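# Architecture at a glance
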Amino acid sequence: RLVGLVTLPALQAVTADERATTTIESVADTAPPTCSPTTPAVEAVRVLAAAPADRVVLVEDKRVVGTISSADVIEFLQFRREVDTEAAAGAMTEPR
């Protein structure tokens, strides 16, 4: 079950004096943004864009089944652009 999400910015906010005694529980977001695996991708991107964290946790039947990060979305969009560009280039060179 999901109990929280710890982000790098939350850890970086802990001062040097507090590091030895700070627990993960104290810096975790106990209500991180979530979606289900069946959430449409465009909706998951909207949730991610509105979230203070850089990822959305995928939850199914109260179990964590994955995450989607902003880096994942960027990588997918770059891949999609490359595929679309290659497809368009192929369409231009194919004889009619």
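So, how was this worked out
- Residues numbered from 1 in each chain as written.
- Predicted model: local features only at pLDDT ≥ 70, side-chain atom pairs only at ≥ 80, totals over all residues.
- Heavy atoms only, no water.
- Helix = DSSP H or I, 4+ residues; strand = E, 2+ residues; numbered from the N terminus.
- Buried < 20%, exposed > 50% of the residue type's maximum accessible area, 1.4 Å probe, protein only.
- Salt bridge = Lys/Arg side-chain N within 4 Å of Asp/Glu carboxyl O.
- pLDDT = per-residue confidence, 0-100.
- Pairing = 2+ DSSP bridges.
- Contact = heavy atoms within 4.5 Å.
- Axes fitted to C-alpha atoms, helices over the stretch in contact; angles between N-to-C directions.
- Right-handed = clockwise from strand over helix to strand, strands pointing away.
- Core = buried A, V, L, I, M, F, W, Y, C linked by side-chain atoms within 4.5 Å.

## So, unusual backbone geometry
The phi angle at Asp61 is positive, at roughly 50 degrees, despite the residue not being glycine. Checked against the element boundaries, Asp61 lands in the loop between strand S2 (55–60) and strand S3 (63–69). With a phi angle near 65 degrees, Lys62 is a residue other than glycine that sits in the positive phi range. You can see Lys62 is positioned in the loop between S2 and S3. For Lys62, a relative accessible area of 70% translates into the label exposed.

## A few points about the pattern of salt bridges
Counted according to the given criterion, the structure contains 3 salt bridges. In this structure, Arg55 and Asp54 form a salt bridge, with 3.4 Å as the shortest nitrogen-oxygen distance. On the basis of relative accessibility, which here comes to 39%, the residue Asp54 falls in the partly exposed class.

## As for the confidence of the model for the chain
Model confidence for the chain is summarised by a mean pLDDT of 90, while 94% of its residues fall at 70 or above. By mean pLDDT, the top-scoring element of the chain is strand S1 (residues 34–35) (96), and the lowest-scoring one is helix H4 (residues 70–93) (84).

## With respect to the sheet that holds S3
Strand order in this open sheet of 3 strands is S1-S2-S3, and the pairing throughout is mixed. The open sheet is flanked by S1 and S3, the only strands paired with a single partner. Relative to S3, S2 runs antiparallel, the two being bridged by 6 bridges. Pairing of Val59 across the sheet is with Val64, part of S3. Along the sheet face, helix H3 (residues 41–50) touches S1, S2 and S3 and points at about 130 degrees away from the line of S2.

## With respect to the pairing of S2
Within a regular beta strand, the side chains point alternately toward one face of the sheet and then the other, so they alternate between its two faces. Both S1 and S2 contribute to a ladder of 2 bridges, which runs parallel. The partner of Thr34 across the bridge, within S2, is Val57. The parallel pair S1 and S2, bridged by H3, forms a crossover whose chirality is right-handed. Linking two consecutive strands that pair antiparallel, namely S2 and S3, is a turn of 2 residues; a positive phi of about 50 degrees is found at Asp61 within it.

## What to know about the nonpolar core
Cys35, Ala44, Leu48, Val56, Leu58 and Val73 form the largest nonpolar core, which has 6 residues in total. Of all the elements in the fold, those that place two or more residues in this core are H3 and S2. Not counting the four nearest positions on each side in its chain, Leu48 is found in contact with Ala53, Asp54, Arg55, Val56, Ile68, Ser69, Ser70 and Val73.

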